[in-house]
Amino acid sequence: MENWQELEHKLFMQTIKRLPVTLVRGKGARVWDTEGKEYLDFVGGWAVNSLGHCHPVIVKALTEQAKTLIQTSNQFYTIPQVQLAKLLVDNSCLDRVFFCNSGAEANEGAMKLARRYGKLHLDGAYEIITTHGSFHGRTLATVAATGQDKFQQPYIPLPDGFINVDYDSIEAIKAATTNRTCAVMVEPIQGEGGVNVPHDKYLKEIRAWCDEKGILLILDEIQTGIGRIGSLFGYEQYGIEPDIMTLAKGLGGGVPIGVFLAKERASVFAPGEHGSTFGGNPLVCATGLATLKFIIDNDIPGKVKKLGQYFIADLEKLKAKFGFIVEIRGRGLLLALKFTDNVAEELVLACLKEGLLVNAVKQNTLRFIPPLIITEKDVDEALGILEKVLARRL
Ligand SMILES: Cc1ncc(COP(=O)(O)O)c(C=O)c1O
């Protein structure tokens, strides 16, 4: 058999340290490797596989659309993108959409929209306030927005106009706001930053400040959106509405999609001011439509909310048993366990051996972002494996 991992090392730019497993097949919350070994997947493609692997609804939409129309240019109207836009608008507080292909691209577009708004309505204001520990993507501008040194240092100088301030502090946002500020951009819960949950009033405080200053609030819901934290969109849990919201990951159920949505008053692009070749393509949008429709029709967010509580209660039991677990963080199915020491990578490898996929989001923190369709039985199984692995450290 071909040694795929060796070939990868030879052919690829080594931008990521992969785990020593080659996955070939998936079904529901399970995946299988080249040796036929089965794994319970609590990584879910980094919070992408909302309906698990190869869900029949997704496979049907994808194959039917593949036989019908895959790609056109955006110079023409196509139906799946309009249907998906309508479902998003009907189920959110936003009015208009722009489709693209990834989270970074969605944020890049959202930030361009905010700058355009600043130019037209805020006397040329262009600065965007973002937070330390955030993650907004890998393009140059989204790296500048991402308030983490390790992502920024290799690429300095970065594009101008991004002010990174402390997360979970309205005072920090207030202190950074000037007449050059056009927007504040935050994640309702920081995902890649380690699953950091701000205090309950944080988003309300930012909303009030943005209203007072006449600047825009952009919510990056690329990780928290599409049911992940127990509501279709994270903002619903905080009693506020953003002016602009970005989505990607779980929206496509596995196909690459991104979208940013805006309130009518913030939707200021004129023809030609933004665009995309693949964005909104029929294949991806038909798949996104089937995914989102299933999530809404089956109240997946409501189920995630309940399952998240069940999951947290079980994590509490682990915490009570193992003194080296210091904190449980998150909501719904965006959860994390923080340890006293930097043991996350070692735990990931130990779990992998036992047939469980989990993610080391920080050196001392494990993250759980499984498909949204998992059951209590899957949670029991995953935490049973984790408990066995943790017990070896006692
Ligand atoms: C909150 C958030 N924003 C943006 C991104 C970037 O998305 P992508 O990797 O699809 O460009 C991510 C990816 O992890 C994310 O979690």
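Quick look at the structure, then.

## Description of the pattern of salt bridges
- Within the structure shown, the criterion is met by 23 salt bridges.
- Across the pair Arg18 and Glu8 runs a salt bridge whose closest N-O atoms are separated by 2.8 Å. Separated by 10 residues along the polypeptide, Arg18 in the loop between α1 (4-11) and β1 (23-27) and Glu8 in helix α1 bring together distant segments of the chain.
- Shared partners join several salt bridges into a network, and the residues in it are Arg30, Glu38, Asp378 and Glu381.

## Focus: the site of the ligand
- Close contacts around the ligand come from 13 residues, with Gly103, Ala104, Asp220, Gln223 and Lys249 the closest.
- One of the backbone N or O atoms of Gly103 is found 2.8 Å from an oxygen atom in the ligand.
- Interatomic distance of 3.1 Å between a side-chain N/O atom of Lys249 and an oxygen atom of the ligand.
- When the ligand sits alone it has 390 Å² of accessible area, and the protein chains cover 82% of it.
- With 3 residues, the top contributor of residues to the shell around the ligand is helix α5 (residues 103-121).
- Along the lines of polarity and charge, the residues of the shell around the ligand split into 3 nonpolar, 6 polar and 4 charged.

## What about the environment of Leu283?
- With respect to the helices and strands, Leu283 occurs in helix α10 (residues 282-297).
- With 216 residues separating them along the chain, Leu283 and Lys67 place their C-alpha atoms 9.5 Å apart.
- In this structure, Leu283 is in contact with Leu62, Gln65, Ala66, Leu69 and Ile70, ignoring residues within four places of it in sequence.

How each quantity is defined
- Once a new chain begins, its residue numbering starts again from 1 and follows that chain's sequence as written.
- Under the rules for a predicted model, residues below a pLDDT of 70 receive no local features and side-chain atom pairs below 80 are neither given nor counted, while totals for whole chains, interfaces and linings still include all residues.
- Computation of side-chain values: all heavy atoms of the structure, hydrogens and water removed.
- By definition here, a salt bridge exists when the distance from a side-chain nitrogen of Lys or Arg to a carboxyl oxygen of Asp or Glu is within 4 Å.
- Strands here mean DSSP runs of E at least two residues long; helices mean DSSP runs of H or I at least four residues long; both are numbered from the N terminus.
- If a single non-hydrogen atom of a residue is within 4 Å of a molecule or strand, that residue counts as near it.
- Two N or O atoms form a polar contact when they lie within 3.5 Å of each other; inside protein one atom must be a possible hydrogen donor and the other a possible acceptor, and for residues adjacent in sequence the pair counts only when both atoms belong to side chains.
- Per-residue and other accessible areas follow the Shrake-Rupley method at a 1.4 Å probe size, with only the shown protein chains counted as cover for residues.
- In this count, Pro and Cys sit with the nonpolar residues alongside Ala, Val, Leu, Ile, Met, Phe, Trp and Tyr, while Asp, Glu, Lys and Arg are called charged and the others, Gly among them, polar.
- Here a residue-residue contact requires only that any non-hydrogen atoms of the pair lie within 4.5 Å.

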